[in-house]
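Understanding the architecture of this molecule
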Amino acid sequence: MGRCENCIIRQFNSLRAMSKEELKRVSDTKTTKLVKKGETIFGEGDKLNGVFCVRDGVSKLSKLSPNGKDQIVKLATKGAVLGQRSVITEEVANLSAIAVNDMEVCFVPKDAIMDSLNSNPNFAVEVLRHIAHDLKEADDVIVNMSQKTVKQRIAEAFIYLEENFGKDKNGYLALTLSREDIANVVGTATESAIRIISDFKKLGLIKAFGKKVAIADRNGLNEVAKGS
């Protein structure tokens, strides 16, 4: 497997602030694993002994609500570092990380991260910057939930998926989420999501083939997302 110091993925995360020597130390201690679609990387409440760097694939980060429903907080893609906050604060994981498709992740033991955090101010600032960005995203999610309708949030979700993950050669969204996952992203019941997606199809905003979805009328979907 590749070495951290030669890995282009680190340009997307806080590891880019590490020195050559630190990267070499991380590379010597890391392990790379393949995670199949649907498998759990770590669960909410798990004690993490290190962080997971996403080399390839997508993971959904979710939290279980008191009523037993999953709320997907974020989709983590290539370059994301999972478990950073829990390792630094020495708290159990606040979220679960499950593979949406087949993934390749690198596990970096806690000691390698903490040593650099204590000795390299640039790395410490970079980690803080990433955690602050996550907090901002969480704030945006809360505002979205409270101020936008479910219909608006589902329209936004499809636009987000197209903008961030692109389309396959047939024009369908490259990342396929189940109807249940879409419901969990926007914070609604699966039945409500299915009904709204069906309405979108009837209005010609999207088209579907099995689980796959394509945006058919981007302007129309944008209008729905804005609440027009």
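The name given to the chain in an unreviewed UniProt entry is CRP-like cAMP-binding protein, with Arenibacter echinorum as the source organism.

Scanning the model with the defined rule gives 13 salt bridges in all. Salt-bridge contacts for Asp-28 lead to Lys-24; the nearest nitrogen and oxygen are separated by 3.3 Å. In this pair, Asp-28 and Lys-24 both sit in helix 1 (residues 20-29), four residues apart, roughly one turn of the helix. Two residues, Asp-134 and Lys-74, come together in a salt bridge whose shortest N-O distance is 2.9 Å. With a gap of 60 residues between them, Asp-134 in helix 4 (residues 121-147) and Lys-74 in strand 5 (residues 70-76) connect regions that are remote in the sequence. Judged by relative accessible area, Asp-134 falls into the partly exposed class, the value being 35%. The exposure class assigned to Lys-74 is partly exposed, which follows from its relative accessible area of 26%. Here the salt bridges do not stand alone but share partners, grouping Glu-162, Glu-163 and Arg-218 into one network.

We now examine the pairing of strand 7 (residues 96-99). Every second residue of strand 7 is oriented toward a common face, with Ser-96 and Ile-98 on one face and Ala-97 and Ala-99 on the other, all of them buried. Bridging between strand 2 (residues 40-42) and strand 7 involves two bridges; their strand directions are antiparallel. Bridge pairing links Thr-40 to Ile-98 in strand 7. Looking at chain direction, strand 4 (residues 59-64) and strand 7 are connected through four bridges and run antiparallel. From the neighbouring strand, Lys-60 faces strand 7, where its bridge partner is Ile-98.

Reading the values: rules and limits
Residues numbered from 1 in each chain as written. Predicted model: local features only at pLDDT ≥ 70, side-chain atom pairs only at ≥ 80, totals over all residues. Heavy atoms only, no water. Salt bridge = Lys/Arg side-chain N within 4 Å of Asp/Glu carboxyl O. Helix = DSSP H or I, 4+ residues; strand = E, 2+ residues; numbered from the N terminus. Buried < 20%, exposed > 50% of the residue type's maximum accessible area, 1.4 Å probe, protein only. Pairing = 2+ DSSP bridges.

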